[in-house]
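# Close look at the chain arrangement
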Amino acid sequence: EHGPPFAVAKYASDGALVFTKVAASGSTWASPNVAVTGAGEVLLSASYQGTIDLGGGPRGSAADKRQFVTKFGATGEELWTHDIAADPVGGPPLIAIEPGGSFFLTGRGSPGMAILGEPVPETALFAAAFDAGGKPVDVQTFPVTRLVYGWLSASAAGALVLVGGFEGALDL
């Protein structure tokens, strides 16, 4: 069963609408995450099943299940989209922006997932650093029995802070 269309809207500090992106109906979404860079660019991390078009052309097929991260320019143009996982197990990765537009993603691994050639199994929590163009530059994995929820933050100095709940064991 497919959910309703998905929308991203950016507003200026005065309340004026800057841009809106609506993904085509026929996609199922899971708890999207969003962050805004100092330059006003928008990063979106989400999961979908089916097809999606956020401005850069259609992606996927009816059977596809994917997690992705997309970067929109300050006025809404899709700058890039990168798949993070095929057939994801959990919700989409959390995003935290660093100064200069680089960013962190954290989440639960999925079968067949790899970042920088490093396997990220579904039995692991991952924390990955990306440059402003979406290229991964570092990844750490931490065995976890069951990740229940998580929060992510990055400081102006580029420090990563992870907070979350788990069941069983977590090896940090």
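This text gives an overview of the structure that appears in the document. (Residues numbered from 1 in each chain as written. Predicted model: local features only at pLDDT ≥ 70, side-chain atom pairs only at ≥ 80, totals over all residues. Heavy atoms only, no water.)

### Notes on the overall build of the protein chain
Along the backbone of the protein chain there are 0 helices and 13 strands. Ordered by position in the sequence, the α and β elements of the protein chain form the string β-β-β-β-β-β-β-β-β-β-β-β-β. Taking all contacts inside the protein chain whose residues are at least 6 apart in sequence as the whole, residues at least 24 apart take part in 40%. By element, 54% of the accessible surface of the protein chain is carried by carbon and sulfur atoms, the whole surface being about 8,400 Å². (Helix = DSSP H or I, 4+ residues; strand = E, 2+ residues; numbered from the N terminus. Contact = heavy atoms within 4.5 Å. Areas by Shrake-Rupley, 256 points an atom, 1.4 Å probe, with all protein chains shown as cover.)

### Quick word on the nonpolar core
With 17 residues, the main nonpolar core has V69, F103, L105 and F126 as its most contacted residues. When contributions to this core are tallied by element, the ones reaching two or more residues are β6 (78–86), β7 (94–97), β8 (103–108) and β11 (124–130). Every residue in contact with L105, bar those within four places of it in the chain, is listed here: V69, I84, P93, L94, I95, F126, A127, A128, F130 and L152. In this structure, F6, L44, I52 and F68 belong to the second largest nonpolar core, which totals 12 residues. (Core = buried A, V, L, I, M, F, W, Y, C linked by side-chain atoms within 4.5 Å. Buried < 20%, exposed > 50% of the residue type's maximum accessible area, 1.4 Å probe, protein only.)

### So, unusual backbone geometry
If you check the backbone angles, L116 has positive phi at about 55° while not being a glycine. Mapping L116 onto the fold places it in the loop between β9 (114–115) and β10 (118–119). For L116, a relative accessible area of 48% translates into the label partly exposed.

### Things to note about the pattern of salt bridges
A complete count under the given rule lists 2 salt bridges for this structure. The salt bridge partner of E122 is R108, with a shortest N-O separation of 3.4 Å. Remark: R108 occurs in strand β8 and E122 occurs in the loop between β10 and β11; sequence separation between them is 14 residues. What makes E122 partly exposed here is its relative accessible area of 33%. Look at R108 and you get partly exposed, because its relative accessible area is 26%. (Salt bridge = Lys/Arg side-chain N within 4 Å of Asp/Glu carboxyl O.)

### Focus: the side chain of T70
Looking at the element boundaries, T70 is found in strand β5 (residues 59–72). In this structure T70 comes out as buried when scored by relative accessible area, which is 0%. Reaching out from T70, the side chain makes a polar contact with the side chain of T81 at a distance of 2.9 Å. For T70, the contacting residues outside a window of four places in its chain are V42, L43, L44, L54, E78, W80 and T81. (Polar contact = N/O pair within 3.5 Å; in protein donor to acceptor, adjacent residues only side chain to side chain.)

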